[in-house]
Protein chains: 2
Amino acid sequence: MSLPTLNERAQHLLKALVERYISEGIPVGSRTLSQATPFSLSPATIRNVMADLEELGLIHSPHTSAGRVPTIQGYRLFINQLLTMRDLDSAQVDIISGELRQASGSRQHLIETASQMLSHLTRYAGLVTLPRREHARLRQIEFIPLSSNRVLAILVMDDGEVQNRVLPVSRAYTQGELREFGALLSERLAGQEASRVRDTLLAEMDKVRSDLNALMREAILLTEQAMGESTPGPSLVVSGQSNLVGLGDITNLERMRRLFEAFETKRDILHLLDQSQRADGVEIFIGGESGYDPLEECSLVTAPYREKGRVVGYLGIVGPTRMPYDQVIPLVDITARLLGAALNPADEPQ
Amino acid sequence: MSLPTLNERAQHLLKALVERYISEGIPVGSRTLSQATPFSLSPATIRNVMADLEELGLIHSPHTSAGRVPTIQGYRLFINQLLTMRDLDSAQVDIISGELRQASGSRQHLIETASQMLSHLTRYAGLVTLPRREHARLRQIEFIPLSSNRVLAILVMDDGEVQNRVLPVSRAYTQGELREFGALLSERLAGQEASRVRDTLLAEMDKVRSDLNALMREAILLTEQAMGESTPGPSLVVSGQSNLVGLGDITNLERMRRLFEAFETKRDILHLLDQSQRADGVEIFIGGESGYDPLEECSLVTAPYREKGRVVGYLGIVGPTRMPYDQVIPLVDITARLLGAALNPADEPQ
DNA sequence: TCTGGCACTCTCTCAACCTGAGTGCCAAGC
DNA sequence: GCTTGGCACTCAGGTTGAGAGAGTGCCAGA
């Protein structure tokens, strides 16, 4: 699957062809290309080069008398070697950072805003995964009685995230009892990373099992349960899906249905994003490269975003394979950076 | 806009025609209808009746040599006067109540499950509004310091709902100070309905303004702010949108795009559901009856659901106008009832 | 190695035509 | 007066064939 090496002329022609096809959306013929390129080659010469490119699997004809269209490999070579990025529109950057600043009150809101920015500015579908919480530290745990057999557990994380859950319990507890458990557990667990809390709790149970009274045991179970089902909501925020409806490139209706189904299910796309962590920056899956069938006629442009230097999530867009990569790639890149910046709250400004 | 009254024969024929059209999806001709009806009338006679029905605006021909199709008014009359409901599949009822029981741990999860049930069982899009919280009572307020200029406010409601929000503050507060505010406010406000908390707070401020210290004032503002932006997330849960993609009836691609946009925006659909409160039970908007353009070629079947006897939200489905109402209506109805039952947690079982 | 020329292929569009389905209307029958 | 069979008419949809347009492949010559 390695990309072939091309001489300068072939590179130039492939670049011109892909750019032309991206902007016009119709197969590019030799005549068109001969006019669009500064080499001033005749259409016939160009045809020869195109025949070579076709043999290499970089372009192909939909039919005999149509022009040429880039294949997935053609796009891949174009993006890897030939693409010249467009400068970012500074107005766009201002919009993104402004909106993100406004939303910085709530993590959830921040993620949603980032997703919307991506979809609005690209006119495709925007994706953002919720930031991973495994490195967040526990600050406090509280239990509040709701009724004789239901207790509300509240977990407060160091960064202000709150998780809560109603737990069924086997007997009634007083407010005092529950407050005491909360204080006890908070003391033991505060400052620990959430991902380790479970282990600590289990170890604790082993260590002191004999003199552990039933209440403590129950409290530990409660906490574990509350930690376990971390984020109940969706862990992927999709927006602007409707942008993909009339996109023309996606002709087959059944295929479109499956694409939307994928957006609803979220699981597979999330998995895909999680796997894209090979690269440090923007990563691109063209057409079937992702190996995920519903995205067959789409491209996925993703980037990781960071909190305190650690990658905690991914964002990106899904659009047609025929997409102005030179604009979209920088946009996804900058959005990831700005989201990262917005996630690290500026304590003590000035 | 009042519906015409029909003689028995016309009613019978209209009913047969609508049922036939709903099941087959192609315009119904006089010949077909003559075979399908027990009256044993000749096609010619039926043509006469159909001409009358057309004159009344209940059916119409797509073109000269096609059969007849119900108009919106035809559907309306059919639903209001002619429809005989199908008995509910008891297996379906079991599925719904089972899934809802499993999800009863979290309100959010419950709502999402209900929406998914609706979409799975109808094969259309399911909608559920989040339950209105205005009658929930406040149980407790807490403030937790996050950093020198950010405080986390947590509101716990009587039913176990928790809302939280990071608030920017102008100076650092100690944990003790904040705990004290929380206790004070909790005492004043506990047991009040959330919708009145704001007023109470304002009155309180007026009453004791002179000797109110800066901290108290700030705490009140904090609380108000936290109450104000009640539910930050979406207040409508949509699922199974992708079911509507290949639906055939929705031919126009642009129309479909706008339908999906409507699902994303949510606001207008939410508004529509809120306005459907005239009726006590299931309500149906056929095609353009809703007055909302993106739903032009769709029908909306909704029902309110209750908590403690009070209507707190709406659920329903969006599908094509040509829809098996006899099955969908009972399904929406029972789902609303079961959701209501699941929302009222059975304290002290046995 | 590049170029012009030429035959060839294929899609797309348009118009003409045919068929099948269903209607509207009319006159005859019960 | 309602019902029925008959008949002419209309229209959508499928098929066919011709023509235009675009682009290619290949070849011979510069």
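Our structure's up above, just so we're on the same page.
So, here's what we can say about the structure. As the structure is a computational prediction, the values presented were derived from the model and not from experiment. (Residues numbered from 1 in each chain as written. Chains lettered and ligands numbered in written order. Predicted model: local features only at pLDDT ≥ 70, side-chain atom pairs only at ≥ 80, totals over all residues.)

In this section: the overall build of chain A. Check the secondary structure of chain A and you find twelve helices and ten strands. In chain A, which comprises 350 residues, the proportion classed as buried is 39%. For chain A, long-range pairs separated by at least 24 residues make up 61% of all intrachain contacts whose partners lie at least 6 apart in sequence. (Helix = DSSP H or I, 4+ residues; strand = E, 2+ residues; numbered from the N terminus. Buried ≥ 20, exposed ≤ 12 C-beta atoms within 10 Å, placed from the backbone. Contact = placed C-beta atoms within 7 Å.)

What follows covers helix 10 (residues 253–265) of chain B. Note that an α-helix has 3.6 residues per turn; residues three or four places apart therefore point the same way. Residues and elements named next belong to chain B. In this model helix 10 runs 18 Å from its N-terminal to its C-terminal C-alpha over 13 residues, within 8% of the 18 Å that 1.5 Å per residue would give. For helix 10, the full list of buried residues reads Met256, Leu259, Phe260, Ala262 and Phe263. One side of helix 10 carries all its buried residues, which in axial view fall inside an arc of 150°. Looking one or two places after helix 10, you find Lys266, whose phi comes out positive at around 70°. (Expected span 1.5 Å × (residues − 1). Arc of directions from axis to C-beta.)

So, on to the pairing of strand 4 (residues 138–147) of chain B. Residue and element names in this part refer to chain B. Of all ten residues in strand 4, eight are buried; the element is thus mostly enclosed. The sheet contact formed by strand 4 and strand 5 (residues 150–157) spans eight bridges and is antiparallel. Of the residues in strand 5, the one forming a bridge with Glu142 is Ile154. (Pairing = 2+ DSSP bridges.)

Right, let's talk about the interface of chain A and chain B for a bit. Taken together, the 36 residues of chain A in the interface contact 36 residues of chain B. Among the elements of the structure, helix 6 (107–122), strand 4 (138–147), strand 5 (150–157), strand 6 (162–168) and helix 10 (253–265) of chain A are those that each provide at least two residues to the side of chain A that touches chain B. No other element matches the seven residues that helix 10 of chain A contributes to the side of chain A that touches chain B. Across the side of chain A that touches chain B, the residue classes tally to 13 nonpolar, 15 polar and eight charged. (Nonpolar A, V, L, I, M, F, W, Y, C, P; charged D, E, K, R; others polar.)

In the vicinity of DNA strand C there are 22 residues, among which Ser42, Thr45 and Thr64 of chain A together with Gly29 and Ser65 of chain B approach most closely. Elements represented by at least two residues in the surface near DNA strand C include exactly helix 3 (43–55) of chain A together with helix 2 (30–36) and helix 3 (43–55) of chain B. Per-element accounting of the surface near DNA strand C gives the leading share, four residues, to helix 3 of chain B. When the residues that make up the surface near DNA strand C are grouped by side-chain class, the tally is six nonpolar, 13 polar and three charged. (Near = placed C-beta within 6 Å.)

Here the focus is the relation of the copies chain A and chain B. Placing chain A over chain B gives an RMSD of 0.1 Å and needs a rotation angle of 180°, together with 0.0 Å of translation along the axis. Taken together, the rotation angle and the small translation identify this as a two-fold axis. Residue by residue, 100% of the interface of chain A is reproduced at the interface of chain B, so both copies engage with the same surface. (Least-squares fit on C-alpha atoms with pLDDT ≥ 70 in both.)

Residues and elements named next belong to chain B. Ordered by their spatial adjacency, three strands build an open sheet running 4-5-6, and the pairing between neighbours is antiparallel. The open sheet has two edge strands, strand 4 and strand 6 (162–168), and neither has a second partner. Averaged over all adjacent pairs, the angle separating strand axes in this sheet is 20°, with direction ignored. Packing of helix 7 (residues 175–189) onto the sheet brings it into contact with strand 4 and strand 5, and relative to strand 4 it is tilted by some 165°. (Axes fitted to C-alpha atoms, helices over the stretch in contact; angles between N-to-C directions.)

With that settled, consider the protein's contact with DNA strand D. In the neighbourhood of DNA strand D, 21 residues make up the surrounding shell, with Gly29, Ser30 and Ser65 of chain A together with Thr64 and Ser65 of chain B lying closest. Among the secondary structure elements, those contributing two or more residues to the surface near DNA strand D are helix 2 (30–36) and helix 3 of chain A together with helix 3 of chain B. Sorting elements by how many residues they give to the surface near DNA strand D places helix 3 of chain A first, with four residues. Its residues assigned to classes, the surface near DNA strand D shows six nonpolar, twelve polar and three charged.

Let's shift gears to the sheet that holds strand 7 (residues 236–239) of chain B. Residues and elements named next belong to chain B. Within the open sheet, the five strands sit side by side as 7-3-10-9-8. Their pairing is antiparallel. Both outer strands of the open sheet, strand 7 and strand 8 (283–286), are each paired with one neighbouring strand and no more. Sheet twist, expressed as the average angle between the axes of neighbouring strands with direction ignored, equals 15°. Summarising the sheet, strand 3 (residues 125–129) and strand 10 (residues 310–320) pair through four bridges and their orientation is antiparallel.

A few words now on the packing of helix 6 (residues 107–122) of chain B against helix 12 (residues 325–343) of chain B. Residue and element names in this part refer to chain B. The N-to-C vectors of helix 6 and helix 12 enclose an angle of 165°; their axes lie 11 Å apart at closest approach. By the angle between their directions, the pair helix 6 and helix 12 is classed as roughly antiparallel. Note that helix 6 runs across helix 12; the crossing there is right-handed. Across from Leu110, Ala114, Met117, Leu118, Leu121 and Thr122 in helix 6, the residues of helix 12 making contact are Val328, Leu331, Thr335, Leu339, Ala342 and Leu343. Here the residues of the contact of helix 6 with helix 12 are counted per class, giving ten nonpolar, two polar and no charged. (Parallel < 35°, antiparallel > 145°, perpendicular 65-115°, else oblique. Left-handed = near helix turned anticlockwise from the far one by under 90°.)

Moving on, we come to the pairing of strand 7 of chain B. Two faces, one strand: in a regular strand the side chains alternate between the faces of the sheet. All names here are of chain B. Burial of strand 7 is two-sided: the residues Leu236 and Val238 facing one way and the residues Val237 and Ser239 facing the other way are all buried. Sheet topology note: the strand 3/strand 7 ladder contains four bridges and is antiparallel. Counterpart to Val128 in the pairing with strand 7 is Val237.

Even without a glycine there, the phi angle at Lys266 of chain A is positive, about 70°. Structurally, Lys266 of chain A can be placed in the loop between helix 10 and helix 11 (267–275). In this structure, Arg123 of chain B is a non-glycine residue whose phi angle is positive, near 70°.

The next subject is the nonpolar core. Considering soluble globular proteins, one finds that nonpolar side chains tend to be buried as a cluster. Ranked by internal contacts, the top residues of the largest apolar core, which has 137 residues, are Leu127, Leu315 and Val332 of chain A together with Leu127 and Leu315 of chain B. Aside from chain neighbours lying at most four places away, what touches Leu127 of chain A is Ser115, Leu236, Val238, Ile269, Leu273, Leu315, Gly316, Ile317 and Val318 of chain A. By size, the runner-up hydrophobic cluster in this structure holds 40 residues, among which are Leu152, Ala153, Leu155 and Val197 of chain A. (Core = buried A, V, L, I, M, F, W, Y, C linked by C-beta atoms within 7 Å.)

With that settled, consider the environment of Glu254 of chain B. Mapped onto the secondary structure, Glu254 of chain B falls in helix 10. Note on Glu254 of chain B: 9 C-beta atoms within 10 Å, which makes it exposed.

With that out of the way, let us pick up the packing of helix 5 (residues 90–102) of chain B against helix 12 of chain B. Residues and elements named next belong to chain B. Contact geometry of helix 5 with helix 12 gives a least axis separation of 10 Å together with a crossing angle of 30°. Judged by the inter-axis angle, helix 5 sits roughly parallel to helix 12. At the point where helix 5 passes helix 12, the crossing takes the right-handed sense. On the side of helix 5, the interface is formed by Gln92, Val93, Ile96, Ser97, Leu100 and Arg101, while helix 12 contributes Leu331, Ile334, Thr335, Leu338, Leu339 and Ala342.

Take it as geometry only, folks, not as evidence of what the structure does.
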